[in-house]
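So the chains spell out like this:
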Amino acid sequence: EVSMVESGGGFVQPGASLRLSCEASGFSFSSYAMSWLRKVPGKGLEWVSGISNSGNVTNYADSVKGRFTISRDNAKNTVYLEMNNLKPEDTATYYCNAVKVPTIYWGQGTQVTVSS
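In this report, the structure presented in the accompanying data block is examined. What you see is a predicted model; the values in this text were computed from it and never measured.

Calculation rules
Residues numbered from 1 in each chain as written. Predicted model: local features only at pLDDT ≥ 70, side-chain atom pairs only at ≥ 80, totals over all residues. Heavy atoms only, no water. Helix = DSSP H or I, 4+ residues; strand = E, 2+ residues; numbered from the N terminus. Rg over C-alpha atoms; globule rule 2.2 N^0.38 Å. Buried < 20%, exposed > 50% of the residue type's maximum accessible area, 1.4 Å probe, protein only. Contact = heavy atoms within 4.5 Å. Areas by Shrake-Rupley, 256 points an atom, 1.4 Å probe, with all protein chains shown as cover. Core = buried A, V, L, I, M, F, W, Y, C linked by side-chain atoms within 4.5 Å. Disulfide = S-S within 2.5 Å.

### Thoughts on the overall build of the protein chain
Okay, step 1: Per the secondary structure count, the protein chain includes zero helices and 11 strands.
Okay, step 2: Its C-alpha atoms give the protein chain a radius of gyration of 13 Å, within 12% of the compact-globule value 13 Å for 116 residues.
Okay, step 3: Taken along its principal axes, the extent of the C-alpha atoms in the protein chain is 40 × 25 × 25 Å.
Okay, step 4: By the burial criterion, 41% of the 116 residues in the protein chain qualify as buried.
Okay, step 5: Of all intrachain contacts in the protein chain linking residues separated by at least 6 positions in sequence, the fraction that spans at least 24 positions is 52%.
Okay, step 6: About 5,900 Å² of surface is accessible on the protein chain, with carbon and sulfur atoms providing 50% of the total.

In structure tokens:
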């Protein structure tokens, strides 16, 4: 019943922007903090950004601070990641997750490729 559906990934050139979306269903979305994480093959999972359940608190990894913006629309059960000035090192599979201790839900991932 729980579903986390990501979209918005793609292949772009350095300096471009993308907006990732993660639409959730099957649970009380507004009760969960949301995060974005990314994975590069051969490397560990990297936390990218997080947002509190109400949206009033946000945090970012140093590598994306100033370029990425996380937001959420609880009326639409959706969390977003606006990515600006994309760099080749941002290439990864991006996952959203929902956290309400002790429960964690994961999306299926969406691919972002940044290359000239």
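After that view of the structure, there is still more to cover.
### Side note on the nonpolar core
Okay, step 1: Among the nonpolar cores identified, the biggest contains 28 residues, and Met4, Trp36, Phe68, Val79, Leu81, Met83 and Tyr94 are the most heavily contacted of them.
Okay, step 2: Listed by contribution, the elements that provide at least two residues to this core are strand 3 (18-25), strand 4 (33-39), strand 5 (45-51), strand 7 (68-73), strand 8 (78-83), strand 9 (92-100) and strand 11 (110-114).
Okay, step 3: Leave out the neighbours within four places in its chain, and Phe68 touches Arg38, Val48, Tyr60, Leu81, Glu82, Met83, Asn84, Leu86, Asp90 and Tyr94.

### Thoughts on unusual backbone geometry
Okay, step 1: Each neighbour pair has its own omega, and for Val101 with Pro102 the value is 10°, a cis peptide bond.
Okay, step 2: Tracing the chain through its elements places Pro102 in the loop between strand 9 and strand 10 (103-106).
Okay, step 3: Unlike most non-glycine residues, Asn77 shows phi in positive territory, near 55°.
Okay, step 4: Tracing the sequence through the fold places Asn77 in the loop between strand 7 and strand 8.
Okay, step 5: For Asn77, a relative accessible area of 27% gives the class partly exposed.

### Things to note about the state of the cysteines
Cysteine pairs can be linked by a disulfide, which is a covalent bond between their two sulfur atoms.
Okay, step 1: All chains considered together, the criterion is met by one disulfide.
Okay, step 2: Here Cys22 connects covalently by a disulfide to Cys96, the sulfurs 1.9 Å from one another. Taking the sign of the S-S torsion, 40° for the link of Cys22 and Cys96, the bridge is right-handed. Pair noted here: Cys22 is in strand 3 and Cys96 is in strand 9, with a separation of 74 residues, a long-range link.

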